[in-house]
Amino acid sequence: MTGIDERRPFLRRDGLAAGITRHRLDGPAFHRLFGTVRVSGEVELTPSLLAAGALLLLPDAAVSHHTAARMLGGIVPHTEETHLTVARPQGRRRRPGLRCHVGPAVRTRRVDGLRVTSPEQTFTDLATHLTLVDLVVLGDSLVHRDATSPDRLLEAAAGARGPGTALARGAAALVRKGVESPMETRSRLLLTFGGLPEPRVNEWVTDEHGRRRYRLDLPYPELRLAFEYDGRQHAQDAAQWGWDVGRREWLDGQGWRLIVLRASDVFTTPWATVLRARDALAQRGFDIELPRQPPREFALHFPGRPWAGSR
């Protein structure tokens, strides 16, 4: 066989022309993509590889939406589909695992040699597909990867038109520089949507000599109070756990109070977490009144079981 790199997507007809048998092309040796695209079964199906396969069917399209976000380093909810945008409705193709959008993909860049919608267009495009919280997660993650900036997202959202415009503008206004994980974004929004003042993002605490000692996820420096999200890896990694203990002891000695949030605090009992945070702020001298039950707007963004643990 000549002329076919089996580790890159190719059309089934081109495989046949190159001498690969039908039996082998349709067997376990190859991944079957979008009906007629093949690639070696030994390769990982990354967003970039799937996009390259989809563009064999629609070479004039641009990789967009969820697929573009992942290729740009952004974080979006999982989807089994590969997303492309075509200029006209008649340019769409219906294939298993392929989702075609219609629109002018005028802002693009090259990623892995493929034409991909820009971070800013990807952000505004996804405003009709994601919730407000998920869109802010995307924006924070794109900024963290230096793919864009909060100001550029604000500018793109301000210039957007059509469905999703209001959501894009609202989400862009909530994007912050320095956020390092989706759960940091969710924890920050949980506090602010709950009616509490917005914490800073990933600020350093210095010692008496002005040297940086520790960085805190969501601090209120004037109150020496900070919230941090910890995943299970911190409890399962002995070295990390030991480092965390030393860090906490040093912060305690400097008058800081550190409150750890877990996944259940955000997803299962979000309003109880807000009330817990309210109490912590009050103990530091910042009093704010909140209702016993979550406001409707908060429950839309953080449904969970908001009544659990309310007091």
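Our subject is the structure that appears above.
Computed from a predicted model, the values in this text were never measured in an experiment. (Residues numbered from 1 in each chain as written. Predicted model: local features only at pLDDT ≥ 70, side-chain atom pairs only at ≥ 80, totals over all residues. Heavy atoms only, no water.)

Peer 1: Sorry if this is basic, but what is going on with the overall build of the protein here?
Peer 2: Along its length, the protein carries 14 helices and 13 strands. Projecting the C-alpha coordinates of the protein onto the three principal axes gives extents of approximately 75 × 45 × 40 Å. Out of the 311 residues in the protein, the part that is buried amounts to 50%. A sequence separation of at least 24 residues applies to 55% of the contacts in the protein between residues at least 6 apart. Looking at the protein as shown, the accessible area adds up to about 16000 Å², and 49% of this sits on carbon and sulfur atoms. (Helix = DSSP H or I, 4+ residues; strand = E, 2+ residues; numbered from the N terminus. Buried < 20%, exposed > 50% of the residue type's maximum accessible area, 1.4 Å probe, protein only. Contact = heavy atoms within 4.5 Å. Areas by Shrake-Rupley, 256 points an atom, 1.4 Å probe, with all protein chains shown as cover.)

Peer 1: Can you walk me through the sheet that holds strand β11 (residues 218-220) in this structure?
Peer 2: Paired through backbone hydrogen bonds, the strands of a sheet run either parallel or antiparallel to each other. Reading across from one edge, β11-β12-β13 is the order of the three strands in this open sheet, with mixed pairing throughout. Two strands bound the open sheet, and with one partner strand each, they are β11 and β13 (257-261). With strand direction ignored, the average angle separating the axes of adjacent strands in the sheet is 15 degrees. In this structure, strand β12 (residues 225-229) lies alongside β13, joined through five bridges in parallel fashion. Directly across from L225, in β13, lies its bridge partner R257. Each of β11, β12 and β13 is contacted by helix α9 (residues 182-193), which is oriented at about 40 degrees to β11, the strand it contacts most. Packed on one face of the sheet, helix α13 (residues 270-283) meets β11, β12 and β13 and runs near 180 degrees to β13. (Pairing = 2+ DSSP bridges. Axes fitted to C-alpha atoms, helices over the stretch in contact; angles between N-to-C directions.)

Peer 1: How do you make sense of helix α8 (residues 165-172) when you look at a structure like this?
Peer 2: Every α-helix carries 3.6 residues per turn, so stepping three or four residues along brings you back to the same face. Among the residues making up α8, those that are buried are T165, A168, A171 and A172. One side of α8 carries all its buried residues, which in axial view fall inside an arc of 135 degrees. Looking at the packing, one finds that the buried side of α8 touches α5 (119-125), α6 (132-144) and α7 (150-159). (Arc of directions from axis to C-beta.)

Peer 1: Before we go on, may I ask you to explain the sheet that holds strand β1 (residues 10-11) in this structure?
Peer 2: Taken in spatial order, the three strands make up an open sheet running β1-β3-β2, and their pairing is antiparallel. The open sheet is flanked by β1 and β2 (30-33), the only strands paired with a single partner. Examined bridge by bridge, β2 and strand β3 (residues 37-40) share four bridges and lie antiparallel to one another. Bridge pairing links F30 to S40 in β3.

Peer 1: Looking at this model, I keep getting lost on the packing of aromatic side chains. Mind explaining?
Peer 2: The geometry of an aromatic ring pair comes down to the distance between the two centres and the angle between the two planes. Taken as a whole, this structure holds six aromatic pairs when the rule is applied. Members of the aromatic cluster, connected to one another through ring pairs, are F193, W271, F298 and F302. (Phe/Tyr/Trp six-rings, centres within 6.5 Å; stacked < 30°, edge-to-face > 60°.)

Peer 1: Just to check I follow, could you spell out α6 for this structure?
Peer 2: In this model α6 runs 18 Å from its N-terminal to its C-terminal C-alpha over 13 residues, within 8% of the 18 Å that 1.5 Å per residue would give. With 12 of 13 residues buried, α6 is to be regarded as a mostly interior element. Among the residues of α6, those classed as buried are L132, V133, D134, L135, V136, V137, L138, G139, D140, S141, L142 and V143. Contacts from the buried residues of α6 go to α4 (65-71), α5, α7, α8, α9 and α14 (296-301). Backbone geometry just after α6 places D146 at a positive phi near 60 degrees. (Expected span 1.5 Å × (residues − 1).)

Peer 1: How should the nonpolar core be read in this particular structure?
Peer 2: A general tendency of soluble globular proteins is for nonpolar side chains to be buried together. Membership of the largest hydrophobic core comes to 70 residues, with the highest contact counts inside it found for L138 and F227. Leaving out residues up to four positions away in the same chain, F227 has contacts with L191, D217, L218, Y220, I259, L261, A277 and A280. V205, Y214, W250 and L258 belong to the second-largest nonpolar core, a separate cluster that totals eight residues. (Core = buried A, V, L, I, M, F, W, Y, C linked by side-chain atoms within 4.5 Å.)

Peer 1: Help me understand the pattern of salt bridges, please; the structure alone is not making it clear to me.
Peer 2: Any two side chains of opposite charge can pair, on the condition that their charged atoms come close. Tallying each qualifying case throughout the model produces 17 salt bridges. When the shortest N-O distance is used, the salt bridge between R24 and E6 registers 3.0 Å. With R24 in helix α2 (residues 22-25) and E6 in the segment before β1, this residue pair connects regions lying 18 residues apart in the sequence. Counted as one network, the salt bridges with shared partners bring together D140, R176, R188 and E198. (Salt bridge = Lys/Arg side-chain N within 4 Å of Asp/Glu carboxyl O.)

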